[in-house]
Amino acid sequence: MFSWRTKWSILRALLTKSSPYYVQFYINGVCNLKCKQCNIVETNSGIGELSIPQMRMVAENIRKIGGGIVLLTGGEPFLRRDVDQVAKAFLDEGLDVRLQTAGIATLDQLQRCHDVGAKDINISLDSLESNKQDFINSVPGSWHKAIGAISRVGQVFSQGSAICSLGCVLSRFNYKEIPAILEFATEIGWDLSLVPVHIADSAEEMGFRSYDRDFIFAKSDMEDLERLVETLIDMKRQGYQLFDSERFLWSSVEFLRTGTPTWRHNGVCDSPNLYFAIRPNGDFSTCCDYTLDHPPSLLDPEFPRMYRDGTVKSAAKSTVESCAGCHYGSYPEVTISVRDRKAFLERARTSLSRRPAVKSLTEESLLALVGAIKDRYPEVYSTTWLPERAEQKLEMWKEPGQRRLLTIEDNATRKEEGRIRRRSLR
Ligand code: SF4
């Protein structure tokens, strides 16, 4: 359950449509993975990271402007050995913290995060097939690492009222798997949260979006996608733990079909009134996709004044007004929850409903469960349904020599696209 500060922030957002109750903080610009559908590390690498005293200044500023939930993401946040102290800086200000990892969080780190009061954690999982996820992440063994992390999170967070969720990017590679992944999440006491894939044209400079066309849906997939949403809504009504609201799911299909989302109010999003992002060096940004030319800094003691007197809003204005739109999970859900009464009630029901406890399971039990769930979906896991080129790439990925060729090709493409990871300054 949220802190009173977050509840107050949400209430104010409902009444005024202006209360930054959700802040995304990219605490570092380094990652052990090279996911094909994510560009954020290239955008945020090399600009430095904040020390713990600086984190405390950011946290104080967020508290002063009436913030609520702070997502601590990266990069890979658990590459910071002091991630528990980062979380504590925000928790000490009465803010709620959500942690994210792709799988490298150790038992010790998780325990320390738990001990300082963190109780909300999200792990990325895009597939129940190890080869596919490793290919998407461009790192062999990454799927097993994610399963290991799910086991460790379960050991630490199975006591009390923790919220654990799987974050899954819905793409051409995995859409038929989503009901199976939802079953997996529900059976272990976790939520599933979906984000439709964001792929830009290579000429566009977007902070988060990458350029890999293999992930894009074809027009002929749209009927399948609509059926998928109907199935997911049905499963959610039966008690499966899907975080996303019905409106979010339908609007995701529209976004994947047209590239234009339907969730924004009058075609403009609610950044920075309801949410915004912070880069690793403390710079304000509208969201993960843009870096501003002269951004206000969350390290500035004047930030609360600048937020209140409209200076921050002016810095964001031209970006939010010219943006064609996105469908990242949190921004639409925040806007929809605040502006759509039906979605708010759905969200409130989900938050207040009695949740099954997060299970503490060994890695072996999780692998056995994955196997059992895959057996229930032979049409997904025993047949070929991806485009030929995608199937070929997945087959190549299985064999180390071929995998090397794919990696060389991928690196060359990344270079062409200007996706450069700079060394961190710290
Ligand atoms: S709509 Fe545009 S500016 Fe607003 S959050 Fe999405 S990408 Fe950022």
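A brief report on the enclosed structure follows.

### Let's talk about the nonpolar core
Alright, step 1. Ranked by internal contacts, the top residues of the largest apolar core, which has 125 residues, are F25, L72, F90, F184, W190, L192 and Y331.
Alright, step 2. Counting residues per element, this core draws most heavily on helix α7 (residues 142-157), which supplies eight residues.

### Quick word on empty space enclosed by the protein
Alright, step 1. What the rule picks out here adds up to four cavities of 30 Å³ or more.
Alright, step 2. Estimates place the volume of the largest cavity at around 120 Å³.
Alright, step 3. The wall of the largest cavity is formed by 17 residues, among which C269, C287, Y290, C323 and C326 lie closest to the centre.
Alright, step 4. Partitioning the lining of the largest cavity into residue classes produces ten nonpolar, four polar and three charged.

### Some words on the side chain of N61
Alright, step 1. Secondary-structure assignment places N61 in helix α3 (residues 52-64).
Alright, step 2. Once residues lying within four places of it in the same chain are set aside, the contact partners of N61 are L298, L299, D300, P301, F303 and P304.

### Thoughts on α7
Alright, step 1. With 16 residues, α7 extends 22 Å between its outermost C-alpha atoms, agreeing within 8% with the 22 Å of an ideal straight helix rising 1.5 Å per residue.
Alright, step 2. Judged by how many residues are buried, α7 sits mostly within the fold: twelve of 16 residues are covered.
Alright, step 3. Listing the buried residues of α7 in full gives S142, W143, A146, I147, G148, A149, I150, S151, V153, G154, V156 and F157.
Alright, step 4. The secondary structure elements touched by the buried residues of α7 are α5 (107-116), β4 (120-124), α6 (130-137), β5 (163-170), α8 (178-187) and α15 (363-376).

What counts, and at which threshold
Residues numbered from 1 in each chain as written. Predicted model: local features only at pLDDT ≥ 70, side-chain atom pairs only at ≥ 80, totals over all residues. Heavy atoms only, no water. Core = buried A, V, L, I, M, F, W, Y, C linked by side-chain atoms within 4.5 Å. Buried < 20%, exposed > 50% of the residue type's maximum accessible area, 1.4 Å probe, protein only. Helix = DSSP H or I, 4+ residues; strand = E, 2+ residues; numbered from the N terminus. 1 Å grid on protein atoms, 1.4 Å probe; cavity = no way out; pocket = protein on both sides within 12 Å on 5 of 7 lines; lining within 4 Å. Points joined across faces, edges and corners; volume = space filled by probe spheres on them. Nonpolar A, V, L, I, M, F, W, Y, C, P; charged D, E, K, R; others polar. Contact = heavy atoms within 4.5 Å. Expected span 1.5 Å × (residues − 1).

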